[in-house]
Each structure stands twice: as structure tokens, then as C-alpha cells.
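Listed here are the chains, written in short residue letters.
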Amino acid sequence: MRSKMRNKRFLLLFILIFSLIFINNSFAKGKRVLSFTDIMKFKEIKNLTISEDGLWVALNADPDRGNGEVHIYSTSKDTRYIIKRGSKPVISKDGKWTVMAIKPGKTEKINAKKKKLKPGMALLNNKTGEKITKKNITKFSFTPDSRFLIYLENKKKIEEKTKVKDDPEKTSQNKKKEEKDKINTNLVVMDLADKKEKIYERVSGFSIDKENPFLVFIQGTENKDKKILNFLDLRQNIFNEKKLLETAGGDFLKFSWSKTESMLAFILTPGKGKEIITSSLYILNGKNLKLEKALGEENISPGWIIPGESKITWSEDNKRIFSGFKPKKEAEFYRLKKEKTEKITDEQYFNPENILKKSGVDVWHWNDPLINPQQKVMWKKNKKRAYLWVFHLNSKKLVPLAGPDMETLLFNKNPDYGIGMASKPWLKKLTWDGSYKDVFLVNLKNGKRKKILEEYDGWKVHLSPSGKYIVYYKEKDWFIYNIKKGTITNLTTDIKTPFYDEDNDYPSPPSGYGTGGWLKNDSGIFIYDKYDIWIFSVNNKKPSRITMGREKNTTYRIIHTDPEKTFYNTRESILISAYSHDSKNTHFSFLTPGKPEIKKISGGNNVFRFKVRSKNGKKLLYTRENFNEFPDLWITNPEFTSQKKLTNINPQISDFKWGRSELVKWQSADGIPLHGVLITPEGYNRDKKLPVLVYYYRFFSQRLNRFNQMKINHRPNFPFYASNDYAVFLPDIRFEIGRPGFSATKCLVPGIQKLIDMGIADPKAICLHGHSWSGYQTAHVITQTNIFTCAIAGAPVSNMTSAYSGIRWKSGMARQFQYEKSQSRIGVSMWENLTPYIENSPVFFADRINTPLLIQFGDKDGAVPWYQGIELYLALRRLGKECIFLQYRGEPHHLQQYPNKLDYSIKFKEYLDHYLKGKEAPEWIRKGVQYRKK
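Small disclaimer: the values here were computed from a predicted structure and weren't measured.

What follows covers the overall build of the chain. The helix and strand tally for the chain stands at 17 helices and 56 strands. In terms of overall size, the chain behaves like a compact globule, its C-alpha atoms giving a radius of gyration of 32 Å where 934 residues would be expected to give roughly 30 Å. Summarising the internal contacts of the chain: among those between residues at least 6 apart in sequence, 54% fall at separations of at least 24. Of the roughly 48000 Å² that the chain leaves accessible, carbon and sulfur atoms contribute 50%. Within the chain, the 102 negative side-chain charges are centred at a point lying 4 Å from the centre of the 161 positive side-chain charges.

Structure, rendered in C-alpha cells:
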């Protein structure tokens, strides 16, 4: 009897499991397979903004290809608006209005050909949904009282112009009137209460105070060279502009309002001339309209000028103005002079001096601080470069803070000190080593400098909010510099826990994990190790670890929700993120530094990301995502007790076969534990072996619970391939210095074998793909193993001996540093040890390659010289190996032109379908494509 009952239960259980599998498969079968066109239509959230009271949220929902939209959401009701072709929304301070640009339609732009279509503007009443649209708008902004909308409108003005026929007698009968369109830019002030508008003609720019409805605008006159700076006080709703300043040939630039007190600083440039003349700095008090020329040629150091492009920044207390200055000789050096072309005589034609004017030679000197290509790249930046000085308003004192000998100065809200950086003495080492600098403590009151670090190779130096301490990382430890005492203390020397990168596998020294902010009154600082948050006191008290992440294999980090916040106190509750290295998910928690417990407030197999907080602090926005869930916006109160999903940007996800992700674990050939992500088709129950696409770089297992960006680009789209019945494998790689290529093989091959042993991977249908650094790895791995059916390498280095002394053309930098200290991980120069350069170069072992290879390069690649692809292609061609080289004309390291991105994506899929699924090869694979000029 019991046996019969067990059999019945077993039968019922079998029927239930079979039904669930059948339902699951049927459900999956009812969904569509993703196509490239489908990918183009998925939207992405951009330009996110929240009203100051937290009651309204606006954002861009832009597809990969096509027209975007602006979405506006009420956070307290179910109200939502969608504005077609909207872009860059701005919410008024009181939250009642949203204004945005309206872009021309994509097909409209294509059909317009060379004619430039100007954007429009839409104004939305958030409460009523009333919408006002305008055409040809170039700029818009609300006044801080939310009473007015200010915008620039381009209007066509019909101008009569007299044209004289080409007649020697030029009689009055030959005169002809011709109508010509002329663009006139109007400044429009719209009263949002009644929509009435006041128009000012010939306005080229405006700027609005942050605190009061004060407005300055630049207005032209009938005299084209003459410009007037006007002031408008809109507090009383009286449109009575006041003339502030007039210039003939110059311009008004770089308007900068203080955060409070309605103070405006701006630059007045001189008219264009043969000689470089300094600009002037003016300061306006918006409340009493007192205007003064603060700085000009008469009160700045001889040989220096204020350049027109100089940025202006106010100090937090409105007592100082920071701006840029430049040596006059430097400005003259970078000035481009156009010589007049004049008729030459026969004698001048043979004159060597005259001939040499048109010579074009670049001199590469062995002792140049920067090599010539890098000098060219830096030309534009150096041309605009200015050195920071400070003007003290109370004392009228101008203090130089930086200059050619110390080009950079960093400052925060403290009134006393800044941090200076001088990289010039160490620029030459940049070619083969890394970035070095001397670090100075700079007194903001008198400009005096004190060198505190020499030949520093670290990254950020942290100046405390009150200007009492400097904290920095160097040689695996954290140090604190007491500015008053001039003493340096090693904070971490007595702690066994490493505060340097525990996963560092580069030839360069390991970096630190960073800091999390300061405590009140500069009393301490948060510093991170790999897992935990520590508090280090400035008074040599014993440091405290305030999280227990190492025991849980979890990394905790502070989330800075308020960009204006400069410090924390030990009693406040701090929002932190937690990342599990085991499950690859994240969650939010609350931490109070003085208490040991952590309050977890979110979870699941998801990744959470904080986005923005309303200014009043009552609302926070965050996203939640996993492989199957788009990172939509969620809204919550600061306590996370009322969480609500706000957006549903891509509801079409449910229409498609998407796939699922799971974590796979294995060991490298050296016994190192490794993780990877396996993505399989939706409804897949391991009843058959799958073709596998392997995509990798360094660490990829953290993508387990991340949504894949839905774009057409050089990267394979994971849901697309899962939808098309492929498995996608994203393995982690651990590198050994001096043997990067072999390291990849030792990690990849056992990982592939793991998938084969699991019964998932079809051993005769596996493709290895990587781009850039993993493009190199791909090219090298197939010289050592035949486990892959085919391979695709994007922008691979194939010959380290020739690449070593190549140029990264985008930055102009030599590639030597990359091999000796960085990603390529060789660790020595070629002259110290040539062997690893040869052993790690695929081109020298091309005869061992038996795997069909597809190479992709843009012939304007600024990171990897594209001739690296040519070297490998020519080697394989000579050896009679299967190899196809896709050269995309005019493209950089990552394809930018949409037709090329789509072409590569299609060819990528066709290549896999042929080699992994046995589909008939298209002609470009079978025969190639004959060159034809387009």
C-alpha cells in the first residue's frame, strides 16, 4: 500500500515538473527573437533631474537610434507626461514648470542634407499639462523665483540690400534691390503668470543670478562692432533695462554669479588687433548696481595677461575670485598668425628664405619633455591653458597661485590653502614609466608654496574641508600631513590589513582603494580597504573598522547623497552600498559610525545604484537592475520606508526571449579560483549542447546581475545572442606579470572545459572574442590551443616588439609605458629582456594558429596602431591560414559611425552562424569583397 502511494506521489511530482517545463518552454516560445532593429529601439535614461521639493522628476528616454523623448513624472501622484523629441529638461525651482529643448527629427535632419535645423523649445505646466512650444530656440533658463522664463530665439529678418550690376558705367538704372534673409537673435522674457513676453533684439547671450531675478544680457547695435551689457531687475516685474557697459570690438565673457549676495564677475575682452592686450575683470553688485573694474593691465604683473577664455570661480564666502592668467609670451607663442598672400617677383621665387616659409618639419629632440605627437595633441589644451590666481575683494590684492613652474592648483571650500601640482620636471618619464608630479601646499593669502611630496606617483591628494590636514596614499600606505606642525604620520603602517589593491597584477605599484570623506572639524577621515570602511583619527587615536565586510566577502562604500556636504559626524546615519563578491549583487544599508550594526534596506539578486537626491533631502532616486530587469528609477524617502518604482522605460522587454545568467566557478591551470558568468537562452533546460560565444577582458563576473546596455556597437549584445540560441560566457582572467598571453590561456581553457563537462557547450562550436586588450589575448590564445572553433579579435596588438615603440595617436603618448608599467604587463624594457616581448607576440607564432580568425580595426585607431592588425593578417595570409581583416575607414578604436557599427554587428553574427551553427557562409566570408571607392 505504501509502495503504491509512493509511486502515485512520484507520478504526480513527475507530471508537475514536466508541466512546469512545458509551460516554461511554451511561454518562451511565445516570445520573439531579438533583432538588431529591436536593439535600436531600446531606450536609455539620460539627463535625469529632480525638483528641489522632490515632487517632480524629468529625464530623457533616448533610443540607440531614433528620436528621444522627455518623460516627466509626479512622485506623489500617477501623473506622467511624454514630450516627443524632447531633450535636456529643466524643472523650475518651485517645481511648477519644466522646460526642454525640442530636437529636429532624425529623418528630418537627414532629408535636410547640409541645411542645419535648429532646435525648438517646449514649456510644460506640470500641474495642468498645458504645453507651449517655440521654434528656433538656442538657450533657455528660469529665474530663481520661478516667475520668468528667459530664452534666446532666432528670428529671420528680411533685409533689403542694394546690389549693383557689373557695369563699367554703373548707372542708377543698373541698381537692383535684393532681399536677403538675416538671422536676428532675440532675448525673450516670458512672465509665466500670464505668458506675456518682452522682447529685446540683437542679443547674443545672457546670464541669470542664482539668488534673485537679476539678468544681464549682451545686446548688439546697428554698429556691428559695438556691444552693450544691460542689466534687468525683474523683482518688481518692471522691464526697465539699465546699461552697464559698452565696448567697441570687444566682448563680454565668462559670467559667474556668486552663490549668495548676487555678485557677478565677468571678463571684458579688448578688440582684435595685431598686439595681444589683456582682458579686464569686472565685478557687479546686483543689489545696488555698483560696477567696478577689478583688474586690468594697470594692476596685474608685467608680462602677464587675463585671457578671454579664463574661467571665473567664486569662493564659498564670496570674498575671493579665482581666475586664470597667462604669460604674454606664452599667449603670443600659441597665437595663430595668418600671413597675407601677396604676389611675388621672380627674385623672391628663388629666395631660400621665402621658400622656407612654407616648409613643414617637426623636430623630435631626444630631450623633449613630451614627444612630438603628444605636443601636437596638447597644442589646443596648452593654447587655452591659464594659471590660477586669486583676487581678494576686501584687500584688492591679486595673488598668483600657479604658473609655468607649477601648472595646477586644486582648492576646496577652506579659505587658507590649496594643493599645487608640478608635473613639468617629470614629463619625460611619462614615455616609459608613469605620471609623476611634485606636490605643494599653497597659501591662498600670499601664494607661498611648500613642497610636501617630490616625484609623487599617486593619484588624489585629499585636502581636509577646514584646511588643516592633507591625506595621501603612497607606497601601499596612507599618510596624513599636519599643515600647522609640518609633520607627516603613516596612518596604516601598524595595521596588518592591506590598504593597497589586493588584486593588483600590473608591473606598477598597487593603488589604494580611496577615501570616503571627512569627519566634522577635520577630526578624522574615512579610508577604504578592499572590503571595509575605516575611521582614522587625526589625533593618532587607534583607527576603527566600522564594517565587517572582509568576513562576509562583501565590499562596503559610502554613498555621497549630498554634493554640497563636506563632512560627516559620528552620530549620523550614512547611506552605504554593499557588493557581495560571492553573489555579485549589491544592496543599500545604513551605517552609524559610532554603532557596530548595519541596517540593510534592500536586497535580492539585483544591483542598486543611487542616482540623485532632491535639494530638500526628502526624496532619493535610485535604480534597480539585474540581467533581465532594466535599471528603471525608484523613488524613496531618506529612510527607505516608502519605496516605489517610478519608471517603466522599456516595457517591450517582456515581448522577447531574453535569457538568464548564472555564476560558474572553476580553477585556472595554476589552481587559481575563478568566476565567470554563463548566459543561456530563455527556457533552456540543458537538454542539448549550445554554441558558445566567449567574451572577456579582465574581470567580468561582476556583470552577473547587471542589465546589458542595449546598443549596436563593437560589443556583442548578450540578450541578442541568448535570444538567438547561443550561450554567452564571460570569464574572469588573472594575469601573471611577464606572461599576459599565457595567463589568459591558463584561465580560459579550463573555463571552457568546465562548460563542456557541464554538458552545455558544444565542443565543436565555441568562439573566442575580445576587443583591444582582450583582442590581443584572443590573438595570442589561439597560438596555444585549438579548443576554439573560430575567433574574433578587435583591435589586437600582434607584435609587441613593434608596438612597444609605437604611438597612441589619440593621446600622442608613446606606448612604452604600457608594456613596462601598465596593461600589457611585461614589466621590463626590450633592452632589459627581449624574450617576453617575443614570447607574448602572436605574430611570431602565427604558424601555430589553426583557428579561423576575424580581425577588426578602424584605420584611425588612436589607442592601438592599426598596422598591428595588418602584421597579423599578412602573417596568416602568407601561411595560408583562414583570416579576414575588416578595416573600417576613418574609424577610431571603437566604431562611431552607425552604419559601420551595424555592419560589424551583422558580420559578427554571420561569422558565428557559419562557424558555430554551420550556416552557409555569405560571400564576404567565402570570396571577400573587391575594393570600391565610395
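This next bit is on empty space enclosed by the protein. Following the criterion strictly, the structure yields two cavities of 30 Å³ or more and no others. There is about 100 Å³ of room inside the largest cavity. Secondary structure elements with two or more residues in the lining of the largest cavity: α2 (36-41), α9 (718-723) and α16 (898-917). The leading source of residues in the lining of the largest cavity is α16, at three residues. Residues that form the lining of the largest cavity fall into these classes: eight nonpolar, four polar and two charged. Size it by volume and the second largest cavity reaches roughly 30 Å³.

Under the definition given, this model contains 53 salt bridges. Of the charged contacts, one joins R613 and D562 as a salt bridge, the two residues approaching to 3.5 Å between their closest N and O atoms. Residue R613 is located in strand β43 (residues 607-613), and its partner D562 is located in the loop between β38 (554-558) and β39 (567-568); the two are separated by 51 residues in the primary sequence. The class for R613 is partly exposed, based on a relative accessible area of 25%. Take D562: its relative accessible area is 23%, and that puts it in the partly exposed class.

A separate point is helix α7 (residues 372-384). A rise of 1.5 Å per residue sets the reference length of α7, with its 13 residues, at 18 Å; its end C-alpha atoms lie 19 Å apart and thus fit the reference within 8%. The largest bend along α7 measures about 50° and falls at M378. Taken as a whole, α7 has its buried residues at N372, P373, Q374 and N382. Where α7 is buried, its residues meet β23 (320-327), α4 (328-333), β53 (807-808) and β54 (813-814).

Moving on: helix α11 (residues 773-781). Counted residue by residue, α11 has nine buried out of nine residues, so it is predominantly covered. Within α11 the residues assigned to the buried category are W773, S774, G775, Y776, Q777, T778, A779, H780 and V781. Buried positions along α11 lie against α10 (740-757), β51 (761-771), β52 (790-794), α12 (800-803), α14 (835-839) and α15 (867-878).

Attention shifts here to the sheet that holds strand β13 (residues 203-208). If you trace the four strands from one edge of the open sheet to the other, you get β13-β14-β15-β16, paired in antiparallel fashion. Where the open sheet ends on each side, the last strands, each with one partner, are β13 and β16 (242-248). For this sheet the average axis-to-axis angle between neighbouring strands, irrespective of direction, equals 15°. Pairing geometry for β13 and strand β14 (residues 214-220), over five bridges, is antiparallel. Looking at the pairing, F206 lines up with F217 of β14.

Any pair of aromatic rings gets described here by the distance separating the centres and the angle formed by the planes. Scanning the model with the defined rule gives 53 aromatic pairs in all. Considering the side-chain rings of F252 and F266, the 6.1 Å spacing of their centres and the 65° angle between planes classify their relative orientation as edge-to-face. Here F252 is found in strand β17 (residues 251-257), whereas its partner F266 is found in strand β18 (residues 263-269), with 14 residues between them in sequence. With respect to burial, F252 and F266 carry one shared label: buried. Taken together, the ring pairs connect F36, F720, Y721, Y726, Y888, Y904 and F908 into an aromatic cluster. The cationic tip of K476 hangs over the ring face of Y500; the distance from NZ or CZ to the ring centre is 4.7 Å. We note R703 situated over the ring of F700; from NZ or CZ to the ring centre the distance is 4.1 Å.

Looking now at the layout of surface pockets. In this structure, the largest pocket spans a volume of roughly 1200 Å³. Around the largest pocket, the lining is made up of 37 residues, and of these L370, M378, N382, R385 and L427 lie nearest the centre. At eight residues, the largest contribution of residues to the lining of the largest pocket is made by α7. Within the lining of the largest pocket, the residues separate by chemical class into 19 nonpolar, 10 polar and eight charged.

Ranked by size, the top nonpolar core spans 55 residues in total, and within it W658, I679, Y721, L730, I792, Y911 and L912 carry the most contacts. Per element, the largest residue contribution to this core is seven residues, and it comes from α16. Sequence-distant contacts of L730, defined by excluding residues within four places in its chain, comprise G676, V677, I679, Y695, F700, S701, R703 and F718. In this structure, F735, A795, A846 and F885 belong to the second largest nonpolar core, which totals 54 residues.

Averaged over every residue, the pLDDT of the chain is 92; residues scoring 70 or more account for 93%. Here residues 13-28 is a poorly scored stretch, pLDDT under 50, and it has eight contacts once near neighbours within four places are set aside; other chains count. Segment residues 158-181 is flagged for pLDDT under 50; beyond a separation of four residues in sequence, or across chains, it makes 27 contacts in the model.

Parameters and conventions
Residues numbered from 1 in each chain as written. Predicted model: local features only at pLDDT ≥ 70, side-chain atom pairs only at ≥ 80, totals over all residues. Heavy atoms only, no water. Helix = DSSP H or I, 4+ residues; strand = E, 2+ residues; numbered from the N terminus. Rg over C-alpha atoms; globule rule 2.2 N^0.38 Å. Contact = heavy atoms within 4.5 Å. Areas by Shrake-Rupley, 256 points an atom, 1.4 Å probe, with all protein chains shown as cover. Lys, Arg positive; Asp, Glu negative; His and termini not counted. Charge placed at Lys NZ, Arg CZ, Asp CG, Glu CD. 1 Å grid on protein atoms, 1.4 Å probe; cavity = no way out; pocket = protein on both sides within 12 Å on 5 of 7 lines; lining within 4 Å. Points joined across faces, edges and corners; volume = space filled by probe spheres on them. Nonpolar A, V, L, I, M, F, W, Y, C, P; charged D, E, K, R; others polar. Salt bridge = Lys/Arg side-chain N within 4 Å of Asp/Glu carboxyl O. Buried < 20%, exposed > 50% of the residue type's maximum accessible area, 1.4 Å probe, protein only. Expected span 1.5 Å × (residues − 1). Bend = angle between axes of the 7 residues up to and from the residue. Pairing = 2+ DSSP bridges. Axes fitted to C-alpha atoms, helices over the stretch in contact; angles between N-to-C directions. Phe/Tyr/Trp six-rings, centres within 6.5 Å; stacked < 30°, edge-to-face > 60°. Lys NZ or Arg CZ within 6 Å of the ring centre and 35° of its normal. Core = buried A, V, L, I, M, F, W, Y, C linked by side-chain atoms within 4.5 Å. pLDDT = per-residue confidence, 0-100.

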